[in-house]
Amino acid sequence: MPQPITPPGHRQQTSTAKDDQDDLVFLEEHPAASTDTSATGVWRVMIIDDDEDVHSTTTFALGNLDMQGRPLEFVHAYSAGQARDLLASETDIAVILLDVVMEQDDAGLHLVRHIRETLKLADVRIILRTGQPGYAPEIDAIRDFDINDYKTKSELTRIKLYTTVTSAIRSYQQIRKIDDSRRGLNQIVHASTELMALHGVHDYAAGVLAQIGDLLGTAANGVLCVKDCPGGDPGCHELMVMAACGRHAQLEHPHHLQHAPLADARIRALMEQALAQRANVYGADSVTLYFAGKASRDFVAYLDVDSAPTDINERLLDVFCGNVAVGLDNVELVSHLHNAAFYDQLCKLPNRTRLLEILEESLAAATGPQHAPATLALVDLDHFAETNDALGHQFGDLLLIAVANRLQADLGRQVAVARIGGDIFALLGDSALVTPTALLVLFQQPFRIDGQDVQLSATLGLVRLDEHEGSGGDALKDADIALKRAKTQQRAGYCYFSRSMGVEIRERVRMMHALRTAFGQRQLFVMYQPQIDLETRRPVGAEALLRWQTADGAFVSPDRFIPIAEYSGLIIDLGEWVLRTACRELMAVRAAGHLDFVMSVNVSQVQFRHPHFLDMLRRALEETGAPPQNIELEITESMAMEEPDLLIKMLDQIKQTGVSIAIDDFGTGFSSLSYLQRLQVDRLKIDRAFVTEITGSARGSSIAEMVIQLGRNLGLTVIAEGVEDERQAQILHALGCPLAQGFLFARPMKADALEDWLDNGK
């Protein structure tokens, strides 16, 4: 069962297990009441991370495990600042598991500097963790601050986490055991930092031999080999020389171009003994050291010595071997993270991050004299998702690689080629080369994949950098805007970015942020337009209408902000608020004695498709007490016809709540009468455009008359909207339309005005 999260500043302690093995030892789930928490009874591990889930999962993974015969005791810090305070008073911390990115991107590295330089804590082992590979620390930081290990959170499985912490604890234990030999400790730290400054496999291997000689106080005469057995072949015995020095230098391959097989039989026998025992072998005239590598790749070093090493030297070498193995992993990890942060691993092209750097360099160079104008183009493969789904992701990967290869082969020498998304490539180069004609022609010939010819097309979005103002990131956004515009026009086409596109997009974004702010600051409100019985001219209900008045008193048209609300998803919260507000107003009207009053509320397509719409409707009715039979939801005709089968099912569920349904703007779409008969709607609403036509021509009332007759035949109520003069009202009444709303009867009004209007009989 998972360990509970300990509040900041408190410790969490596991139970004690009596087992000296290094294997995974699980402790009892229910520890005894008395537990040894002395420095000699537990290993103290500090977890520093601003994510509580990381604390929980780490203690769950390690809490019931025994390491080196002792349980773990956890100290928790949830920020770099809190960790500084704790470390000022906490003692005997063996290992620190530290998040790189906390309050700031480099908070973890600043804390490491504080631990090493200000607190002077040299013994504690520090393991950096990050969930963001792009924030890899520089090799200098790992070297300078004696970081014991560096891992991405995604690669730290339970076993790997256990292995990493166990290795760190072993290092800590050894360091404490040899604390009486500060010279040796300083030498180890010096050796590790010196090695981290070396680049390349050969230099690192040669540096290891030199540092071993320095630790032993003898000349470096030795050889370092690797046993590389792909797949863990048990029959693999080949030892390859990575570096050799002193009297054994001849064992090394000339020019270091490749590793050479180890030819010395005596040295080979000692190395194989160390590999078999997975331990160092100490003799009277030699030492053979084992370095555990990744998977089946282990390293082993041999050095001549004048006399057998002392106990303290053996301990020094044990610790040094652990540091060298971790150091080698760190060099490989940092190199891998740098590569992953800037290059696409599938196509081996620069990724979005690297492209932004190239763009910035190009924009900076564009200010220089005689610089040719450049163009950035985004290339979006048409219908790639369908190909990927139909033929499989492996086929899709091969297709992406083929596209990358063709772009590089035809343009790569003069144009920067990058892959910035799943099926989106970017090209940056001279405007004379990066043109729609030059790019689209590359897709005229099919791509040969696994013996199949695959014909692809692409859509382009381009931006001319000499016409661009802003950063590389802005240029990429502009190209993306142009690409989206091109995709809305036609596939296999292109579009250049223009200033008007940017203004339009930025206005939409500005409106979206302003709308969110307005909603939070109560600048949005509901108004109500009464609906009238044409026979009696008495009110029978009202339509709830959302309005927005800015801080300066200006009104924003619903035609402008409702699409933005739908696009941003804000319509979900807005719609629920309007429904609840309208339900509460209905209850106020009923309390005033208008019991047959019906409140109509518009519902957008985005709301209707939301998976929790029905739950929201039921909650609003229940919590406000509004009677369902007095609530009507209005949906548009186009919405009703877009997915009629889905709508039929949804309307059936809505009808079960007791709420009625109206189709708004009826007559403006192309409704299928067969579907209309199946829809469980209660009312058709004649669009204001047809009401206006009633008095405009001899045949102006034909559509309104048709809708009224259709409603009568289907047993549906009909209401006309936008009635503005008496003549329109009389014609509608003569045609048999029972209900209407419009400025002739009343303009939209606020809640208090509606209640006064109803109480005063209009």
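Figured I'd write up the structure that's included with this text. (Residues numbered from 1 in each chain as written. Predicted model: local features only at pLDDT ≥ 70, side-chain atom pairs only at ≥ 80, totals over all residues. Heavy atoms only, no water.)

**Observations regarding the overall build of the chain**
Item 1. A count of helical and extended segments in the chain gives 26 helices and 28 strands.
Item 2. Within the chain, counting contacts between residues at least 6 apart in sequence, those at least 24 apart form 67% of the total. (Helix = DSSP H or I, 4+ residues; strand = E, 2+ residues; numbered from the N terminus. Contact = heavy atoms within 4.5 Å.)

**Some points on the packing of aromatic side chains**
Item 1. In this structure the tally under the stated criterion is 7 aromatic pairs.
Item 2. Where Tyr494 meets Tyr496, the ring centres are 6.2 Å apart and the plane angle is 85°; that geometry is what we call edge-to-face.
Item 3. Measuring from ring centre to ring centre gives 6.3 Å for Phe525 and Phe555, while their planes differ by 75°; the resulting arrangement is edge-to-face. Pair noted here: Phe525 is in strand E20 (residues 524-533) and Phe555 is in strand E22 (residues 555-556), with a separation of 30 residues, a long-range link.
Item 4. By relative accessible area, which is 16% here, Phe525 ends up buried.
Item 5. In this structure, Arg70 packs its charged tip against the face of Trp43, placed 4.1 Å from the ring centre.
Item 6. Above the face of the Phe447 ring, Arg406 is positioned so that its terminal group lies 3.7 Å from the ring centre. (Phe/Tyr/Trp six-rings, centres within 6.5 Å; stacked < 30°, edge-to-face > 60°. Buried < 20%, exposed > 50% of the residue type's maximum accessible area, 1.4 Å probe, protein only. Lys NZ or Arg CZ within 6 Å of the ring centre and 35° of its normal.)

**A word on the packing of helix H2 (residues 80-87) against helix H3 (residues 107-118)**
Item 1. It is the contact of H2 with H3, at a shortest axis distance of 10 Å, that shows an interaxial angle of 15°. Put simply, H2 runs roughly parallel to H3. The element H2 and its partner H3 pack so that their crossing is right-handed. Residues Ala80, Ala83, Arg84 and Leu87 of H2 form the contact with H3, whose own contacting residues are Ala107, His110, Leu111, His114 and Ile115.
Item 2. Looking at the contact of H2 with H3, its residues break down into 6 nonpolar, 2 polar and 1 charged. (Axes fitted to C-alpha atoms, helices over the stretch in contact; angles between N-to-C directions. Parallel < 35°, antiparallel > 145°, perpendicular 65-115°, else oblique. Left-handed = near helix turned anticlockwise from the far one by under 90°. Nonpolar A, V, L, I, M, F, W, Y, C, P; charged D, E, K, R; others polar.)

**Some words on the pairing of strand E3 (residues 72-77)**
Item 1. Burial analysis of E3 places 6 of its 6 residues in the buried class, the great majority of the element.
Item 2. Alternating residues of E3 divide into Leu72, Phe74 and His76 and Glu73, Val75 and Ala77, and every residue in both groups is buried.
Item 3. Handedness of the crossover joining strand E2 (residues 43-48) and E3 through helix H1 (residues 52-62) is recorded here as right-handed. (Right-handed = clockwise from strand over helix to strand, strands pointing away.)

**Remarks on the environment of Asn323**
Item 1. Examined against the element boundaries, Asn323 turns out to sit in helix H9 (residues 311-342).
Item 2. Here Asn323 falls in the buried class, since its relative accessible area comes to 13%.

**Some remarks on the sheet that holds strand E13 (residues 374-381)**
Item 1. Pairing is mixed across the open sheet formed by 5 strands, whose spatial order is E14-E15-E13-E18-E19. The two strands at the open ends of the sheet, each matched to only one other strand, are strand E14 (416-419) and strand E19 (494-496). The mean angle between the axes of side-by-side strands here comes to 15°, regardless of whether they run parallel or antiparallel.
Item 2. Two elements, strand E18 (residues 458-464) and E19, share 3 bridges in a ladder whose sense is parallel. (Pairing = 2+ DSSP bridges.)

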